[in-house]
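Here are the chains, one letter per residue:
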Amino acid sequence: MNATAAIAAAVVPAAGRGERLGPGAPKALRELGGVPLLVHAVRALTRSRAVGLVVVAAPADGVAEVVALLDSHGLEDKDIRVVAGGATRQESVRLGLAAIPAEVGVVLVHDAARPLVPVEVVDAVASAVRAGAEAVVPAVPLADTVKRVEPVPGGPEPVLDTPDRATLRAVQTPQGFRREVLAEVHAKALTEESAGAEGALPPVTDDAGLVERFGGRVVVVPGHEEAFKVTRPLDLVLAEAVLARRRAADAY
Ligand SMILES: Nc1ccn([C@@H]2O[C@H](COP(=O)(O)OP(=O)(O)OP(=O)(O)O)[C@@H](O)[C@H]2O)c(=O)n1
Ligand SMILES: C[C@](O)(CO)[C@H](O)COP(=O)(O)O
């Protein structure tokens, strides 16, 4: 891989509503310590020397607002582009990826909803791709025992089995990819989608899942407990506490 191809660009899907967080502005624009989640996430990426460009997939009706927001938070001197996101996370990533210049060889995909990812995780993911992996995910071991169940709305749900926790990981972002691998699996997924729902496989929730679906090899590097996703109201409470601790330690 030549030097230009080794520079990473990051796609930040930020077009979600945040239904599970409750009523309010789109989740990426909600505030954590007085700063939008999206701004935290973009800053986390730009702290990494591995990342040369960030493409944000914003809510389709909020592109101008997001550009102004990033500028007003001191990010105007960074190479950041904003495109309109799509109706699903997958579509938002695909639209962001399309805005990355052809010469960029490494692409990271990072949720706007993971505002506190430490720079070490970003670096580790980019390094693993540079070192030859085609797809890399940061992940952490599970704290709880997990049961596989027969879903029954309202329950009770019969337990099918208990997977060995030692073989399970909770997956985070940024996920890193050789650019051509990510582009290829997104193109294949789009073709699959356009071919219609009949016999379609269940939707995947992350980009590495697409690589797996089409036969690629994904490897895991250590994630970080502070890279958790802000999904429900309690996550925001935890994120405020983590941020307050960082600010008190003057590490932020
Ligand atoms: N159409 C969508 C849906 C999601 N995302 C982004 O994907 C990331 C992870 O998704 P998630 O936490 O599920 O966000 P939401 O879809 O907003 O959450 P919810 O399912 O609660 O509505 C978020 O940064 C979100 O903005 C996106 O860019 N475009
Ligand atoms: C990409 C992701 O954050 C990895 O954990 C996750 O899959 C997003 O999925 P969600 O279903 O939107 O929570």
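For the structure, check the block above.
Along each chain, residue indices are assigned from 1 in the same order as the chain's sequence is written. Here chains are named by letter from A upward and ligands by number from 1 upward, in the order in which they appear as written. A pLDDT threshold of at least 70 governs which residues receive local features in this predicted model, and a stricter bar of 80 or more applies before side-chain atom pairs are shown or counted, although totals over entire chains, interfaces and linings include all residues.

Draft legend 1. Layout of the overall build of the chain. Strands here are runs of E lasting at least two residues and helices are runs of H or I lasting at least four, both read from the DSSP assignment and numbered beginning at the N terminus. Counting secondary structure elements, the chain contains eight helices and 12 strands. Each radius of gyration is computed over the set of C-alpha atoms, and the globule rule expresses the reference value as 2.2 Å times the number of residues to the power 0.38. Compactness check: the chain gives a C-alpha radius of gyration of 18 Å against a globular reference of 18 Å for 252 residues, within 12% of the reference. On the principal axes, the C-alpha backbone points of the chain span a range of 55 × 40 × 35 Å. Any residue with 12 or fewer other C-beta atoms within 10 Å of its own C-beta is exposed, any with 20 or more is buried, and the rest are partly exposed; the C-beta atoms used are placed from the backbone. Looking at the chain residue by residue over its 252 residues, the buried ones come to 38%. For the chain, restricting intrachain contacts to residue pairs at least 6 apart in sequence, the fraction spanning at least 24 positions comes to 75%. Each residue gets a C-beta atom placed from its backbone, and two residues are in contact if those atoms lie within 7 Å.

Draft legend 2. Main features of the environment of valine 35. For valine 35, the position within the fold is in strand S3 (residues 35-36). Each C-alpha atom of the pair valine 35 and serine 92 lies 23 Å from the other, and the pair is 57 residues apart in sequence. If near-sequence neighbours (up to four positions away) are discounted, valine 35 is found in contact with His40 and His73.

Draft legend 3. Summary view of the nonpolar core. Among buried residues, those of type Ala, Val, Leu, Ile, Met, Phe, Trp, Tyr and Cys that are joined through C-beta atoms within 7 Å form a set called a nonpolar core. Within the largest apolar cluster, 65 residues are counted, with the highest numbers of intra-cluster contacts made by Leu38 and Val56. Excluding residues that lie within four positions of it along the chain, leucine 38 makes contacts with Ala14, Ala28, Leu29, Val56, Val66 and Ala112.

Draft legend 4. Looking closely at the site of ligand 2. Residue proximity rests on one test: whether the C-beta atom, placed from the backbone, lies within 6 Å of the molecule or strand. The environment of ligand 2 is made up of Arg89, Asp111, Val171, Gln172, Thr173, Thr205, Asp206, Lys229 and Thr231. For this classification, the nonpolar set comprises Ala, Val, Leu, Ile, Met, Phe, Trp, Tyr, Cys and Pro, the charged set comprises Asp, Glu, Lys and Arg, and every other residue, Gly included, is treated as polar. When the residues that make up the shell around ligand 2 are grouped by side-chain class, the tally is one nonpolar, four polar and four charged.

Draft legend 5. Structural detail: helix H8 (residues 233-248). Taking 1.5 Å per residue as the helical rise, H8 with its 16 residues ought to reach 22 Å, and the 23 Å between its terminal C-alpha atoms agrees with that figure. For H8, a buried count of one out of 16 residues is recorded, marking the element as mostly open to its surroundings. Helix span is expected to be 1.5 Å times the residue number reduced by one.

Draft legend 6. Here's a closer look at the site of ligand 1. Not every one of the 22 residues close to ligand 1 is listed here, only the nearest: Pro13, Ala15, Gly16, Arg20 and Ser92. The residue inventory of the shell around ligand 1, partitioned by class, reads eight nonpolar, seven polar and seven charged.

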